Amino acid sequence: MKEPFRRALGLIRTLKQHGYEAYFVGGAVRDHLLNRPIGDVDIATSALPEEVMAIFPKTVPVGLKHGTVVVLHDGTPYEVTTFRTEGTYEKYRRPESVTFVRSLRKDLERRDFTMNAIAMDETGQLIDLFGGQQAIAERIIRTVGDAKARFSEDALRMMRAIRFVSQLGFALSAETKQAIIEHASLLSYISVERITGEFEKLMEGPFAQKAFSLLVETGLFTYLPGFSDKQEELMQLAKYDWTKLSAPLERWSLLCYLLHVQQEVSVFLRRWKLPNRLIKDVQTILRFLSVVRSRCDWTRERMYEAGATYAYAAETVRSLINGEDGEDNRRRLRELFAKLPIQERNELAITGKDLIEWYQRPGGPWLADTLQKVEQAVLHGLVENEKERIKGWLILCNQTHGKNC
Ligand code: ATP
Ligand code: MG
């Protein structure tokens with residue numbers, strides 16, 4: 001048994017010693033069968049949440065309504081969820097409350113895709129009631145049970161199907177794909193936050209291009225925030241290698257660029273309910289993208305103004321758009337950046353306080369102007385970034401009425 005499971009074995013055994021059933025379930029079992037890195041190890045049990053909490057000394061009731069208790073075991077938190085069915089679904093969404101059951105079968109039955117509905121016991125034995133292993137072998141994403149019914153219960157599953165395509169490179173089964181085509185509009189009942197979560201994973205997957213094509217083919221894109229009239233642009237997304245990007249900021253920036261939403265970018269990103277910080281950062285990247293068309297457009301001022309983090313992010317996106325080697329361009333940018341006399345304002349050898357002292361003048365707009373003048377002079381190598389040198393340069397500057405500076 002692989003290490004992440006082995007570490008949680010004690011937890012499963014304890015539940016069993018108390019007379020309950022307990023299994024590894026979900027993404028970890030799937031990823032183990034795929035030989036992918038195993039993420040969070042989740043556990044399903046016949047014990048009720050309060051029973052789980054009574055057994056283990058360190059627990060956090062994170063989602064009691066849904067039957068989930070986090071158990072701290074050997075310093076690692078594990079989600080332990082009671083076998084459950086989801087009862088009746090309202091408005092094509094996950095229900096607010098669930099029904100706890102004592103049967104593993106029922107719990108596996110409510111799961112979204114066959115590959116995600118495999119359980120594994122403490123001996124490594126698989127309980128695969130819906131052909132999950134076969135689906136994994138065939139690299140097919142197939143709903144557990146009737147696809148149309150499953151997407152009507154919870155329409156987010158359509159987004160999940162396509163984000164798994166992006167992560168795993170699997171194909172959708174014909175029935176699953178057809179059901180998405182027919183039920184795409186139900187996505188509008190789903191909260192934006194849940195859609196955004198899946199979409200971010202979709203953009204990040206190694207097969208994002210395939211996923212973008214599927215969003216168009218199935219018509220699901222129509223129900224994504226701000227996408228309804230973007231079919232043409234969306235086709236463009238499938239042409240770029242998104243794996244060259246390494247952060248959400250770069251991905252959202254490329255998305256906005258390719259969808260031509262530069263003007264109304266904050267409106268667009270707010271519809272996705274993204275944090276304000278990220279929205280501001282995307283705007284910054286887009287601003288640099290619009291002025292830096294070629295790698296030679298990175299001047300000292302632009303790099304200084306952008307700062308290293310934004311400059312590298314913008315250059316990564318720019319290189320991808322232009323089909324250039326991003327790594328090479330970033331290295332070049334790093335070298336240029338290293339040569340700047342100062343890389344940010346607080347590296348300047350003087351402060352406003354020095355200027356007030358030297359000029360014997362109270363603060364005012366002149367202060368910011370002068371600081372900026374010094375900053376530019378240092379940046380361009382007109383004066384060394386050293387206090388006395390700057391003082392001398394300012395004196396000369398005043399004596400010559402600005403001619404020498
Ligand atoms: P990841 O590696 O991205 O975490 P995952 O398969 O673990 O993938 P989660 O969102 O963590 O996905 O969900 C854990 C498990 O819960 C899934 O494997 C699936 O069995 C079940 N599940 C999650 N969301 C749904 C849903 N909307 N409908 C039905 N089952 C779901
Ligand atoms: Mg998971």
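Residues numbered from 1 in each chain as written. Chains lettered and ligands numbered in written order. Predicted model: local features only at pLDDT ≥ 70, side-chain atom pairs only at ≥ 80, totals over all residues.

## Some remarks on the site of ligand 1
Okay, so step 1: In the region of ligand 1, the neighbouring residues are G26, G27, G39, D42, R94, R111, D112, N116, A117, D154, L156 and R157.
Okay, so step 2: The class makeup of the residues in the shell around ligand 1 is two nonpolar, four polar and six charged.
Okay, so step 3: Both of domain 1 (1–135) and domain 2 (139–239) provide at least three residues apiece to the shell around ligand 1. (Near = placed C-beta within 6 Å. Nonpolar A, V, L, I, M, F, W, Y, C, P; charged D, E, K, R; others polar. Domains from an automatic or database assignment.)

## Describing the packing of helix α7 (residues 156–168) against helix α10 (residues 208–218)
Okay, so step 1: The geometry of α7 relative to α10 is characterised by a closest axis approach of 7 Å and an angle of 155 degrees between their N-to-C directions. With respect to each other, α7 and α10 are oriented roughly antiparallel. Crossing geometry of α7 relative to α10 is assigned as right-handed. Packed against α7, whose contacting residues are I162, R163, V165 and S166, the element α10 presents A208, K210, A211, L214 and L215 at the interface.
Okay, so step 2: Class assignment for the residues of the contact of α7 with α10 results in six nonpolar, one polar and two charged. (Axes fitted to C-alpha atoms, helices over the stretch in contact; angles between N-to-C directions. Helix = DSSP H or I, 4+ residues; strand = E, 2+ residues; numbered from the N terminus. Parallel < 35°, antiparallel > 145°, perpendicular 65-115°, else oblique. Left-handed = near helix turned anticlockwise from the far one by under 90°. Contact = placed C-beta atoms within 7 Å.)

## Brief notes about the sheet that holds strand β8 (residues 119–120)
Sheet strands pair by backbone hydrogen bonding; their relative direction is either parallel or antiparallel.
Okay, so step 1: Overall, mixed pairing links the seven strands, which are arranged β3-β4-β5-β2-β1-β8-β9 in an open sheet. On the outer flanks of this sheet lie β3 (59–63) and β9 (126–127), each paired with one strand and no other.
Okay, so step 2: Two elements, strand β1 (residues 22–25) and strand β2 (residues 42–45), share four bridges in a ladder whose sense is antiparallel. In the strand pairing of β2, A22 is matched with T45. (Pairing = 2+ DSSP bridges.)

## Some details on helix α19 (residues 387–399)
Okay, so step 1: Between its terminal C-alpha atoms α19 stretches 19 Å, which fits the 18 Å expected from 13 residues at 1.5 Å a residue.
Okay, so step 2: Looking only at α19, the buried set comprises I390, W393 and L394. Looking straight down α19, one finds its buried side chains confined to an arc of 100 degrees; they lie on one side. When the buried face of α19 is taken as reference, the exposed residues oriented beyond 90 degrees from it are E388, I395 and Q399.
Okay, so step 3: Downstream of α19 by a residue or two, H401 has a phi angle that is positive, lying close to 50 degrees. (Expected span 1.5 Å × (residues − 1). Buried ≥ 20, exposed ≤ 12 C-beta atoms within 10 Å, placed from the backbone. Arc of directions from axis to C-beta.)

## Things to note about the nonpolar core
Okay, so step 1: I43 and A119 are the most contacted members of the largest nonpolar core, which has 99 residues in total.
Okay, so step 2: No other element matches the eight residues that helix α15 (residues 300–321) contributes to this core.
Okay, so step 3: Contacts of I43, omitting those with residues within four sequence positions, involve A8, L11, I12, A22, Y23, F24, V25, Y78 and V80. (Core = buried A, V, L, I, M, F, W, Y, C linked by C-beta atoms within 7 Å.)

## Considering the pairing of strand β4 (residues 68–73)
The side chains of a regular strand alternate between both faces of the sheet.
Okay, so step 1: The alternating pattern of β4 places V69, V71 and H73 on a buried face, while none of T68, V70 and L72, on the opposite face, is buried.
Okay, so step 2: Where β3 meets β4, three bridges bridge the pair, whose relative direction is antiparallel. The residue bridging T59 from the neighbouring strand is V71, located in β4.
Okay, so step 3: Connecting the antiparallel pair β3 and β4 is a turn made up of four residues, with G67 showing a positive phi of about 85 degrees.
Okay, so step 4: Bridging between β4 and strand β5 (residues 76–82) involves six bridges; their strand directions are antiparallel. Note that in β5 the partner of L72 across the bridge is P77.
Okay, so step 5: Once β4 ends, the chain turns through two residues before running back antiparallel as β5, passing D74 with a positive phi of about 50 degrees.

## Description of the UniProt feature "binding site: ATP" (unreviewed entry) in the chain
Okay, so step 1: The sites that UniProt annotates as "binding site: ATP" (unreviewed entry) are G27, R30, R111, D154, R157, R160 and R163.
Okay, so step 2: Within the secondary structure layout, G27 lies in helix α2 (residues 27–33).
Okay, so step 3: A count of 17 C-beta atoms within 10 Å places G27 in the partly exposed class.
Okay, so step 4: The contact partners of G27, leaving out residues within four places of it in the chain, are G39 and N116.
Okay, so step 5: Other than its neighbours up to four places away in sequence, R160 contacts D112 and E198. (UniProt positions renumbered as here; feature names shortened; annotations may be inferred.)

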